[in-house]
Structure formats: C-alpha cells, structure tokens
Amino acid sequence: MPMTLSAFAYVSRATDKLSREKLNEIVDDAKDFNGRHELSGALVYDGSCFFQYIEGPRVRLADACARIRASRSHIILLSLIDGPVPTRRFEG
C-alpha cells in the first residue's frame, strides 16, 4: 500500500525579532524532528515573516502541523496548502 503524502504551506509573522542564534535553534529542532518523522520541505525567513512548505506521510505531517501551530515564535497569517500531494517536491 503506497504512503499517502500530504503537504502544508503557510506564511506567518515572527512574534519577536529573532536573533541568528534563535533562528538556528528553530532550524536545528525542525531538522531533527523532520528527519525522525520522514518529513521534508523548505523554510524561508526574511527578518519578519516565515514561509514554510513541509511534506510527508499524512499522519506524521499532522504531528508537525500541531507543533507549528503551537509555536510561540510566530503567528500564522495564511495557510496556502493543506492536503494531499502526488509526490515529494523536496527529498531532504
């Protein structure tokens, strides 16, 4: 039975100005979590807003989305994608 892939993409605003160290902590934590849960994607931060696209097995992506929504580092402004995708766009 093939794995059902889903994706979540959003734009959010940082709640505070993030230092390079804090941003690195966020990225390192996400890389660790995503690696353990078969998730991949991309994160862009411009100094005030984030764009993230994350994809993987539906059940594991739901766990990641819960973490993203609970984060106090940002406020989600707009969900762009939230549902099944036919293939991965990012392998790592």
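Every chain is numbered independently, its residues counted from 1 as its sequence is written. Reporting in this predicted model follows two pLDDT cut-offs: at least 70 for local features of residues, and 80 or more for side-chain atom pairs to be given and counted; totals over whole chains, interfaces and linings ignore these cut-offs and use all residues. Based on all heavy atoms of the structure, the side-chain values leave hydrogens and waters out of the count.

### Digging into the pattern of salt bridges
Pairing between side chains of opposite charge can happen when the charged atoms of each approach one another.
Thinking step 1. A pair is scored as a salt bridge if a Lys or Arg side-chain nitrogen falls within 4 Å of a carboxyl oxygen belonging to Asp or Glu. Scanning all chains against the criterion turns up four salt bridges.
Thinking step 2. Measuring nitrogen to oxygen at the nearest pair gives 3.1 Å for the salt bridge that ties D32 to R36. In this pair, D32 and R36 both sit in helix α1 (residues 20-36), four residues apart, roughly one turn of the helix.
Thinking step 3. For D32, a relative accessible area of 41% translates into the label partly exposed.
Thinking step 4. D82 is paired through a salt bridge with R69; the nearest N and O atoms lie 3.7 Å apart. In this pair, D82 sits in strand β4 (residues 74-84) while R69 sits in helix α2 (residues 58-70), placing the two residues 13 residues apart along the sequence.
Thinking step 5. Accessibility expressed as a relative area gives 55% for D82, which makes it exposed.
Thinking step 6. By relative accessible area, which is 48% here, R69 ends up partly exposed. Numbering goes from the N terminus for both helices and strands, where a helix is a DSSP run of H or I of at least four residues and a strand is a run of E of at least two. Burial status follows relative accessibility: with a 1.4 Å probe on protein chains alone, a residue under 20% of its type maximum counts as buried, one over 50% as exposed, and anything between as partly exposed.

### Some words on the nonpolar core
Thinking step 1. Think of a nonpolar core as a cluster: buried Ala, Val, Leu, Ile, Met, Phe, Trp, Tyr and Cys residues, connected wherever their side-chain atoms sit within 4.5 Å. Formed by F8, Y10, F33, L39, I54, L61, A64, C65 and I68, the largest nonpolar core amounts to nine residues.
Thinking step 2. When residues of this core are traced back to their parent elements, those giving at least two are β1 (5-14) and α2.
Thinking step 3. Ranked by residues supplied to this core, first place goes to α2 with four residues.
Thinking step 4. If we skip the residues at most four places from it in the chain, I54 touches S6, A7, F8, N34, L39, S40, G41, L61, A64 and I68.
Thinking step 5. Counting residues in each nonpolar core, the second largest holds five residues, with L5, A7, A9 and V85 among its members. Any two residues having at least one pair of non-hydrogen atoms within 4.5 Å are treated as being in contact.

### Observations regarding a nonpolar patch on the surface
Thinking step 1. Together, V44, F51, I75, L77, L78, L80 and I81 make up an exposed nonpolar region whose accessible area comes to about 610 Å².
Thinking step 2. The element that contributes the greatest number of residues to the nonpolar patch is β4, accounting for five residues.
Thinking step 3. Residue class for L77 comes out partly exposed when judged on its relative accessible area of 49%. Think of a patch as exposed residues, more than 30% relative accessible area, with no salt bridge, where like charges cluster within 9 Å and nonpolar side chains (Val, Leu, Ile, Met, Phe, Trp, Tyr) cluster within 5 Å. All accessible areas in this document rest on Shrake-Rupley with a 1.4 Å probe, and a residue is counted as covered only by the protein chains that are shown.

### Focus: the environment of G47
Thinking step 1. Looking at the element boundaries, G47 is found in the loop between β2 (40-45) and β3 (49-57).
Thinking step 2. G47 gets classed as partly exposed once you look at its relative accessible area, which sits at 23%.

### Quick word on the sheet that holds β3
Thinking step 1. Reading across the sheet, the four strands line up as β2-β3-β1-β4 and stay open at both edges, with antiparallel pairing between neighbours. Two strands bound the open sheet, and with one partner strand each, they are β2 and β4. On average, each strand axis in the sheet is tilted by 10° relative to the strand beside it, whichever way the strands run.
Thinking step 2. Here nine bridges tie β1 to β3, and the two strands are oriented antiparallel to one another. Bridge pairing links V11 to F51 in β3. A pair of strands counts as paired when DSSP detects no fewer than two bridges linking them. A fitted line through C-alpha atoms serves as each axis, taken over the contacting stretch for helices, and the angle formed by two N-to-C directions is quoted from 0 to 180°.

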